Amino acid sequence: MTDSNTTSEKPWGGRFSEPTDAFVERFTASVGFDQRLYHHDITGSIAHATMLAEVGVLTAEEKTQIIEGLEAVKADIEAGEFQWSVSLEDVHMNVEARLTDRIGVTGKKLHTGRSRNDQVATDIRLYLRDEIDVIAEELQRLRAGLLDLAEREADTIMPGFTHLQTAQPVTFGHHLLAWYEMLVRDAERLLDCRKRVNVMPLGAAALAGTTYPIDRSITARLLGFDRPTENSLDSVSDRDFAIEFCSFAALLMTHLSRFSEELVLWTSAQFDFIDLPDRFCTGSSIMPQKKNPDVPELVRGKTGRVNGHLISLLTLMKGQPLAYNKDNQEDKEPLFDTVDTVKGCLKAYADMVPAIVAKADNMREAARKGFSTATDLADYLVKKGVPFRDAHEIVGKAVAFGVAESRDLSEMTLAELQKFSDIIAEDVFEVLTLEGSVQARDHLGGTAPDQVRAAVARARQQLG
Ligand code: ARG
């Protein structure tokens, strides 16, 4: 990055009588981070020049010169042969200055009928649209992996929890499908957000539009936008599409953080429900026995910065008067970091989830220990005519006896159970088993293994 300091080099230097203060120049520059938009900036400029030629503002020859020049600038950047200059402030002025260096005075015509205000708003939308498509694919890959694992574990029994206390037995496949459902909603939110990202601000110019006979439908079509925006002031000022994306990201990360928390708990010696392959874990430099679930821990931790970026952008936008304000330059770093973080977390999860190994015996043992079929016993009594509240009381007493004796309900004799209610008969043991308990919840959305398999089949069809 170079750091020169003259008024003459600035595209806006005409009305200034002294050079920018050296610190202010660095302080106001965005090129250090917005250079990542170069590709989309050049794509937008090519479309703009093409449109200008079609409406007769540029000659065909000027257009060709500009497009070839821009392609050459792109090649320079990609070859690492581009000197970014802080005194040229941002990616837009850096690219334009280099274009003019290469092709001469025609380069200065590119900026006809536009402003950096509509240019940057267009660049971010083009960038975000591409990233949304990458993220949507990663999310799809994670969902597919989750469905495979759920199908594999459709019959595996584990304790289901409320208050992190053993509640009722569920199948591991069913538990995994709960995560799947959250991701379905996240994917829907992402695609919905894309609709509002894919609208073109170019042509709004600085804020009021332009006096040139531009045709915004041409640029919109060339850039793959659904349509041009309706209002020039709104076009250059609002970043709600980026906020929406960050809101999608915050919810996705919040979901992944919950998933992560469970993976961390389940890999602990105290739960010991699953194993994560070594390649997703790291060790301790001091405790030789340690194998730490770093990937889920980090994903859980990274949720903080993504949620923070959402608040940053909301606060950035709050109270801004129309139209463009320099404040909006601050939209980029939170947005870029959100994109990078979400892509990294999704990649790690999409790679890791199919490799989760369930320790079915340990899960089953935990479900067996926690009186998880107590509700089944109450339902059994209700079906034989006992009012639910009385049944609850009866089973509560049986559980207290089990706690004192360190025995599960299914490990009591018929005679012992009958001490709590003489309605109880031999068939009670069918409902006290874990398999009986999960199989009995055999309806749409229930935990029965057949329901899990049916849900996986439906989800696969939806996923395509
Ligand atoms: N670097 C600026 C940004 O990111 C580009 C637009 C600047 N416009 C201006 N009038 N200073 O927002």
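Preceding this paragraph is the structure being described.
For clarity, every value in this text was computed on a predicted model and none was experimentally measured.

Undergrad: I'd like a description of the pattern of salt bridges, backed by residues and values.
TA: Enumeration according to the criterion identifies 37 salt bridges in this entry. Measuring nitrogen to oxygen at the nearest pair gives 2.7 Å for the salt bridge that ties Asp192 to Arg196. Separated by four residues within a single helix, Asp192 and Arg196 lie in helix 7 (residues 172–197), roughly one turn from each other. Here Asp192 falls in the partly exposed class, since its relative accessible area comes to 31%. Lys291 is paired through a salt bridge with Asp278; the nearest N and O atoms lie 2.8 Å apart. Taken as a pair, Lys291 in the loop between strand 5 (274–275) and helix 11 (294–317) and Asp278 in the loop between strand 5 and helix 11 lie far apart in primary sequence, 13 residues in all. Judged by relative accessible area, Asp278 falls into the exposed class, the value being 58%. Residues joined by salt bridges that share partners form a network here, namely Glu89, Asp90, Arg116 and Lys326.

Undergrad: Which residues make up unusual backbone geometry, and what values go with them?
TA: Geometrically, the link from Leu322 to Ala323 is a cis peptide bond, its omega value of 0° lying close to zero. As for its placement among the helices and strands, Ala323 is situated in the loop between helix 11 and helix 12 (332–352). Even without being a glycine, His163 presents a positive backbone phi close to 60°. Along the chain, His163 turns up in the loop between strand 1 (157–162) and strand 2 (165–171). Accessibility expressed as a relative area gives 74% for His163, which makes it exposed. One non-glycine residue, Ala205, lies in the positive phi region at around 55°. Considering the arrangement of structural elements, one finds Ala205 in the loop between strand 3 (199–200) and helix 8 (216–222). Relative accessible area serves as the criterion here: at 6%, Ala205 is assigned to the buried category.

Undergrad: Break down helix 14 (residues 374–383) for me, citing the residues and quoting the values.
TA: Among the residues of helix 14, those classed as buried are Ala374, Asp376, Leu377, Ala378, Tyr380 and Leu381. Those residues of helix 14 that are buried are in contact with helix 15 (388–405), helix 17 (428–432) and helix 18 (434–440). Residue Gly385 follows helix 14 closely and has a positive phi angle near 105°.

Undergrad: Could you give an account of the site of the ligand, naming the residues involved and the relevant values?
TA: If you check the shell around the ligand, you find Ser30, Asp34, Asp90, His92, Arg116, Asn117, Val120, Tyr324, Gln329 and Lys332 and nothing else. Contacts to the ligand include Asn117, whose side-chain N or O atom sits 2.9 Å from a nitrogen atom. Surface burial for the ligand is 85%, taken as the share of its 340 Å² of free accessible area covered by protein chains. A per-element tally of the shell around the ligand places helix 6 (residues 116–152) first, with three residues. For the shell around the ligand, the residue count by class is two nonpolar, four polar and four charged.

Undergrad: Describe in detail the side chain of Ser87, supporting the description with residues and values.
TA: Topologically, Ser87 is positioned in the loop between helix 4 (60–78) and helix 5 (91–103). By relative accessible area, which is 3% here, Ser87 ends up buried. Of note is the side chain of Ser87, whose polar atom sits 3.1 Å from the side chain of Ser85.

Undergrad: Break down the pairing of strand 2 for me, citing the residues and quoting the values.
TA: Sheet analysis places strand 1 next to strand 2, joined by six bridges and oriented antiparallel. The residue of strand 2 that forms the bridge with Ile157 is Thr171. Here strand 1 hands over to strand 2 after two residues, with His163 in that stretch at a positive phi of 60°.

Undergrad: Go over the packing of helix 6 against helix 12 with me, naming the residues and quoting the values.
TA: Closest axis-to-axis distance for the helix 6/helix 12 pair is 9 Å, and the angle between their directions is 15°. As judged from the angle between their axes, helix 6 and helix 12 are roughly parallel. Where helix 6 crosses over helix 12, the two elements pack in a sense that is left-handed. Listed contacts from helix 12 to Val120, Ile124, Tyr127, Leu128, Glu131, Val134, Ile135, Glu138, Leu139, Arg141 and Leu142 of helix 6 are Lys332, Leu335, Phe336, Val339, Val342, Lys343, Leu346, Lys347, Tyr349, Ala350 and Asp351. Considering only residue class, the contact of helix 6 with helix 12 consists of 15 nonpolar, no polar and seven charged.

Undergrad: Tell me about the nonpolar core, and name the residues and values.
TA: Counting residues in each nonpolar core, the largest one holds 97 residues, and the members touching the most others are Leu128, Phe245, Leu256, Ile274 and Tyr349. Per-element tally for this core: the top contributor is helix 10 (residues 240–267), with 14 residues.

Undergrad: So what's going on with a nonpolar patch on the surface? Which residues, and what values?
TA: Judged by side-chain polarity, Phe23, Val24 and Phe27 come together as a nonpolar surface patch covering roughly 320 Å² of accessible area. Structurally, the position occupied by Phe23 is in helix 1 (residues 22–28). We classify Phe23 as partly exposed; its relative accessible area is 49%.

Undergrad: Explain the environment of Tyr324 residue by residue, including any values.
TA: Mapped onto the fold, Tyr324 is located in the loop between helix 11 and helix 12. Setting aside residues no more than four positions away along its own chain, Tyr324 makes contact with Asn117, Val236, Ser237, Arg239 and Gln329.

Undergrad: Hey, could you go over the packing of helix 3 (residues 38–54) against helix 5 for me, with residue numbers and the actual values?
TA: Contact geometry for helix 3 and helix 5: axes closest at 10 Å, N-to-C directions at 60°. By the criterion of interaxial angle, the relationship of helix 3 to helix 5 is oblique. With respect to the hand of their crossing, helix 3 and helix 5 are arranged in right-handed fashion. Contacts from Tyr38, Asp41 and Ile42 in helix 3 reach Val91, His92 and Val95 in helix 5.

Cut-offs applied
- Residues numbered from 1 in each chain as written.
- Predicted model: local features only at pLDDT ≥ 70, side-chain atom pairs only at ≥ 80, totals over all residues.
- Heavy atoms only, no water.
- Salt bridge = Lys/Arg side-chain N within 4 Å of Asp/Glu carboxyl O.
- Helix = DSSP H or I, 4+ residues; strand = E, 2+ residues; numbered from the N terminus.
- Buried < 20%, exposed > 50% of the residue type's maximum accessible area, 1.4 Å probe, protein only.
- Contact = heavy atoms within 4.5 Å.
- Near = heavy atom within 4 Å.
- Polar contact = N/O pair within 3.5 Å; in protein donor to acceptor, adjacent residues only side chain to side chain.
- Areas by Shrake-Rupley, 256 points an atom, 1.4 Å probe, with all protein chains shown as cover.
- Nonpolar A, V, L, I, M, F, W, Y, C, P; charged D, E, K, R; others polar.
- Pairing = 2+ DSSP bridges.
- Axes fitted to C-alpha atoms, helices over the stretch in contact; angles between N-to-C directions.
- Parallel < 35°, antiparallel > 145°, perpendicular 65-115°, else oblique.
- Left-handed = near helix turned anticlockwise from the far one by under 90°.
- Core = buried A, V, L, I, M, F, W, Y, C linked by side-chain atoms within 4.5 Å.
- Patch = residues over 30% accessible without salt bridge, like charges linked within 9 Å, V, L, I, M, F, W, Y side chains within 5 Å.

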